[in-house]
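Below are the chains, spelled out letter by letter.
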Amino acid sequence: MTQASTPAVHTGRSDKPLLRALRGEAVWPPPVWLMRQAGRYLPEFRAMREQADFLTRCMTPEIAVELTLQPIRRYGMDGAILFSDILILPWAMGQDLRFEEGRGPILTPIRTEEDLKVLDEDRMMDAVEPVREALRRLRRELPEQTALLGFAGSPFTVACYMVEGGGSRDFAHIRAMMQQKPSVFNKLMDILTRNTAKMLCGQIEAGAEAIMLFDSWGGILPPEAFRQYVIEPTRQIVEYIRARHPDVPLVGFPRLGGVMVAEYAEKTGINALALDTVAEPAKVAEMVPDTLTLQGNLDPMILLNGGEALVKEARRIRDSLKGRPHVFNLGHGVIKTTPPEHVAALVEAIRDV
Ligand code: CP3
């Protein structure tokens, strides 16, 4: 794309602390934001919830903007993550999606060559236009120091939900498909890889300043499959985005990736590695280059419980990464019963040096 078509806000590198840290600078104290910082633990979020169902909230720019801003107003986070969902992509291509109270997402499963026909790649960009409109508005409304994050699920994780038809304990259908119908599985992965990259470029062009790729379920795969279906598609997405938007930092979250996360970081070319709860930050730091930013990784349960243990554990993580690029975050999303004042105490503990 040409320079003339990018909005004025994109000219020049931003010095927002989160973007500096994601580009490899050891910012101190580390910038902080939380996965699922917009959510049911906030009373103002629950109030909006009564007005519209989840999909409508994601697809109505004024609601998505308001929900994104709520945690920023309360806590002044360094990053604002767009209020949306990783399952918007399959929905935008035509797969049925609804969210049911207590059950999570429900999709009409895709398991055969015939099922794949519901996916219409040509409609995707138009269908996600309200998401891009929300990003444009957010760039105008966010405080000067707050960076705007766009995101997507990575192809394998999104495929898990598409094939299972929702969440799953054992992912039996997708694992059977990988073995018994590799051509259907590979076609699905190609569609997802191509469209994830395209959709994320659309988010950047609308104002997202950094991108996070959520791979919540890649960690269920054995090493060779992890290389093929987690690392390789992520590498392709990084390559596609970087060719068009070289300055936009990319964060990868290979949850449950264990020791494979070092290889993931190296081969995908991401700027920042988000760590899950079980990763020991100082140990991971020894396995990756000094210029790679680490993000994470407080246990959301410790945040839920609060008190002295919260302050102590948050500072232990922060201090164990002092001197290298770090973005403070959780190892997974905020739990919905978390008292909002615990989040305030966490942000204060991180910023107090
Ligand atoms: O604040 C943020 O982090 C931004 C918004 C965001 C949501 N989902 C909002 C959401 C992000 C980044 C996601 C990512 C996401 N969505 C992932 C990857 C991260 C992870 O948790 O592992 C996954 C696997 C999904 C799919 C998904 N969406 C599930 C399994 C569920 C149901 C579980 C639940 O928490 O209710 C959702 C629903 C969802 N996505 C909610 C929110 C705020 C709750 C919906 C509601 O308000 O009722």
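Everything numeric here is computed off the predicted structure, so don't read it as measured data.

1. Section: the nonpolar core
The biggest cluster of nonpolar side chains holds 128 residues, and the ones touching the most others in it are Phe 156, Leu 273 and Leu 346. Every residue in contact with Phe 156, bar those within four places of it in the chain, is listed here: Ile 174, Met 178, Phe 185, Met 189, Asp 215, Trp 217, Gly 218, Ile 220, Leu 221, Tyr 229 and Val 230.

2. What about the pattern of salt bridges?
Following the criterion strictly, the structure yields 25 salt bridges and no others. One salt bridge in this structure joins Arg 235 and Glu 232, with 2.9 Å as the shortest N-O distance. Placement of the pair is Arg 235 and Glu 232 together in helix H11 (residues 223-244), with a separation of three residues, close to one helical turn. The exposure class assigned to Glu 232 is partly exposed, which follows from its relative accessible area of 29%. The salt bridge involving Arg 235 is made with Glu 239; its shortest N-O contact spans 3.4 Å. Separated by four residues within a single helix, Arg 235 and Glu 239 lie in helix H11, roughly one turn from each other. Look at the salt bridges and you will find they share partners, linking Glu 129, Arg 132, Glu 133, Arg 136 and Arg 137 into a network.

3. Here we look at the confidence of the model for the protein
Within the protein, residue pLDDT values average 96, and 97% of them lie at 70 or more. Mean pLDDT across the secondary structure elements of the protein bottoms out at helix H2 (residues 43-49), with 94, and peaks at strand S9 (residues 326-330), with 99.

Each value, and the rule that gives it
Residues numbered from 1 in each chain as written. Predicted model: local features only at pLDDT ≥ 70, side-chain atom pairs only at ≥ 80, totals over all residues. Heavy atoms only, no water. Core = buried A, V, L, I, M, F, W, Y, C linked by side-chain atoms within 4.5 Å. Buried < 20%, exposed > 50% of the residue type's maximum accessible area, 1.4 Å probe, protein only. Contact = heavy atoms within 4.5 Å. Salt bridge = Lys/Arg side-chain N within 4 Å of Asp/Glu carboxyl O. Helix = DSSP H or I, 4+ residues; strand = E, 2+ residues; numbered from the N terminus. pLDDT = per-residue confidence, 0-100.

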